[in-house]
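# A look at the structure
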Amino acid sequence: MNSQNASQSLQSTLSEANRSHVLHYLYAHGISSRASIAQTLGLSAAAITKITARLIDAGIIHEVGGIEGRKNRRSIGLELNPQQFHIIGVKFARSLVEIGTFDLKGSMLALTDLPTVKNDTIPDTIRTIHATINTLLADDPSIVAIGMAVPGPYLRHEGRTAVVSSMQGWRTFNFLDEFSNAFRVPVFVEQDARAGVLAQHLFDPASSSCRNLAYYLLGEGIGLGVIDDGRLINGAQGAATEIGHVSIDVNGLPCDCGNRGCLERYCSAVAIHDKLIETGIIAGADQMTHKQACHTLFEQASQGDTAAQTLVREIGRYVGYGCVTIFNAFNPERIVLGDIVAEGGQPLLDAAREVVDERVIPELNQATDISLTKLSADAAVSGAAAVAVTQFLDHPSRFFAIT
């Protein structure tokens, strides 16, 4: 590359970074003047004028009239157009696939649950996903991207999941090969718990300013997504933070990953469902899906069933053992519990906190909040959307042609 091309490439990269900074600022702060954006980002007025003109031309931001600016002067406000751009989020969770449509702020516009997936019906599910997404794209021209949240450990460079406990049929499936070029808009794939922490960070006001955040996914598998000092932890192959396969009993139950006593063998929706069938606490549990079985357990516990309450407390303590690992390994400001098992609510959270109080260094315990997710939609399907929204904010020029 000659010096002229190198200079042009550097300028293009810098311009894209500045466009991204402006979008992230407007996303976080809402209506703002050019002067306030320039001052905060350390850019000249001329640079901001050029950047915002390009974003306005693309329809990504727009002017909203006069607002009070610096020194009480009236300024023209700028605002992101979150309702003008829609995102598809697809959640893969072993037997459960959900497809949702969202705006850029994470407001869910529609949600579809596909039929329960079994190992031998995965090809049928994939065909249904293609058909459903193509219908959504045909009906809504404002859709600009698709995010997918898939079980971990997800090998991001290969496009497949290394282990899918209880649903090994997914191991042979390559998400990138199947979906990367399948639609008129770009597709982005991320491990489900990391997608979940992005959703918490982008869509939950209580977590948006948190620079050290952990999302503890308690679904058909157990996962963890961590933002550390503002950056998502990925690992060399994309398989970092796989807390579901951290052993809590070295001589415990065998796991499909090859380890023994893995956390997800004790407090995942699959493990809970197995326990319910074994104990008979829930009548007809063997005819239910994992999600239905857990929901019924939590409902019976809330109605005073002592056996159900005892089991919820036991599950909560296992969740707490995972929290102890999160405290010691990542030292976050906040741990957010989400997905199917988090529907156990306050009794489950209280049991988890009991374990944390017993086993975590007091200074860490006192400085860290543990809470249930407040997102209205499931954090993994919201997270799938958040993966695409993040790409939209980070690389806006990629979407100019689409918009």
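As a reminder, the structure under discussion sits directly above these lines.
We now turn to the structure provided with this report. (Residues numbered from 1 in each chain as written. Predicted model: local features only at pLDDT ≥ 70, side-chain atom pairs only at ≥ 80, totals over all residues. Heavy atoms only, no water.)

## Section: helix α9 (residues 290-302)
An α-helical turn contains 3.6 residues, so any two residues separated by three or four positions project in the same direction. The condition that has to hold: By definition, any uninterrupted DSSP run of H or I lasting at least four residues is a helix, any uninterrupted run of E lasting at least two residues is a strand, and each is numbered from the N terminus. Multiplying one less than the number of residues by 1.5 Å gives the expected span of a helix. Relative accessibility decides the category of a residue: with a 1.4 Å probe and only protein chains considered, values under 20% of the type maximum give buried, values over 50% give exposed, and everything between is partly exposed. Here the arc refers to the directions that run from the helix axis out to each C-beta atom. Between two residues, a contact is recorded if the distance between any of their heavy atoms is within 4.5 Å.
The end-to-end C-alpha distance of α9, which contains 13 residues, comes to 19 Å, matching closely the 18 Å that a straight helix rising 1.5 Å per residue would cover. Those residues of α9 that sit buried are His-290, Ala-293, Cys-294, Leu-297, Phe-298, Gln-300 and Ala-301. Within α9, the buried residues cover an arc of 160° as seen down the axis, which keeps them to one side. If you follow the buried residues of α9, they end up packed against α8 (269-279) and α10 (306-330). A positive backbone phi angle near 100° is found at Gly-304, which sits one or two residues after α9.

## Here's the deal with helix α2 (residues 34-41)
Three or more residues of α2 are buried, namely Ser-36, Ile-37 and Ala-38. Looking one or two places after α2, you find Gly-42, whose phi comes out positive at around 70°.

## Details of the pairing of strand β11 (residues 212-218)
Note the following rule: Paired strands, in this sense, are two strands between which DSSP finds at least two bridges.
Of all the seven residues making up β11, seven are buried; the element is thus mostly covered by neighbouring parts of the structure. Relative to strand β12 (residues 222-228), β11 runs antiparallel, the two being bridged by seven bridges. Residue pairing for β12: Asn-212 is matched across the bridge by Asp-228. Between β11 and β12, which pair antiparallel and follow one another directly, the connecting turn spans three residues. Relative to strand β14 (residues 334-338), β11 is paired through five bridges, and the arrangement is parallel. By the bridge assignment for β14, Leu-213 is matched with Arg-334.

## Digging into the layout of surface pockets
The criterion, for reference: Grid points spaced at 1 Å and placed over the protein atoms alone form the basis of the search, with a cavity being a set where a 1.4 Å probe fits but cannot get out and a pocket an open set showing protein on both sides within 12 Å along at least five of seven lines. Lining residues have an atom within 4 Å of a point. Grid points are joined across faces, edges and corners, and a volume is the space filled by probe spheres set on the points. Each residue is assigned to one class: nonpolar for Ala, Val, Leu, Ile, Met, Phe, Trp, Tyr, Cys and Pro, charged for Asp, Glu, Lys and Arg, and polar for all the others, Gly among them.
Its volume calculated, the largest pocket comes out at about 990 Å³. Forming the boundary of the largest pocket are 28 residues, of which His-24, Leu-198, His-201, Gly-230 and Thr-390 lie nearest the centre. For the lining of the largest pocket, the secondary structure elements donating two or more residues are α1 (3-29), β10 (187-191), α6 (192-203), β13 (231-232) and α13 (379-394). Among the residues forming the lining of the largest pocket, the class breakdown is 12 nonpolar, nine polar and seven charged.

## Some words on the pairing of β10
The side chains of a regular strand alternate, residue by residue, between the two faces of the sheet. Taken across its five residues, β10 has five buried, putting it largely inside the fold. Burial along β10 is two-sided: the face carrying Val-187, Val-189 and Gln-191 and the face carrying Phe-188 and Glu-190 are both buried. Where strand β7 (residues 143-150) meets β10, five bridges bridge the pair, whose relative direction is parallel. Looking across to β10, one finds that Gly-147 is bridged to Phe-188.

## Here's the deal with unusual backbone geometry
Residue Pro-153 follows Gly-152 across a cis peptide bond; omega there is 0°. Of note, Pro-153 is situated in the loop between β7 and β8 (154-155). Within the chain, Asn-331 stands out as a residue other than glycine whose phi angle is a positive 45°. One can find Asn-331 in the loop between α10 and β14.

## Describing the sheet that holds β12
Definition in use: For every element, the axis is a line fit to its C-alpha atoms; helices are fit only across the contacting stretch, and the angle between N-to-C directions ranges from 0 to 180 degrees.
Taken in spatial order, the five strands make up an open sheet running β13-β12-β11-β14-β15, and their pairing is mixed. The sheet is open, and its two edges are formed by β13 and β15 (369-372), each paired on a single side. By the bridge criterion, four bridges tie β14 to β15 in an arrangement that is parallel. Residue pairing across strands places Arg-334 opposite Asp-369, the latter belonging to β15. Packing against the sheet, helix α11 (residues 345-359) makes contact with β14 and β15, and its axis sits at approximately 160° to β15.

Note that every value here comes from positions in space, so none of it alone points to a role or purpose.
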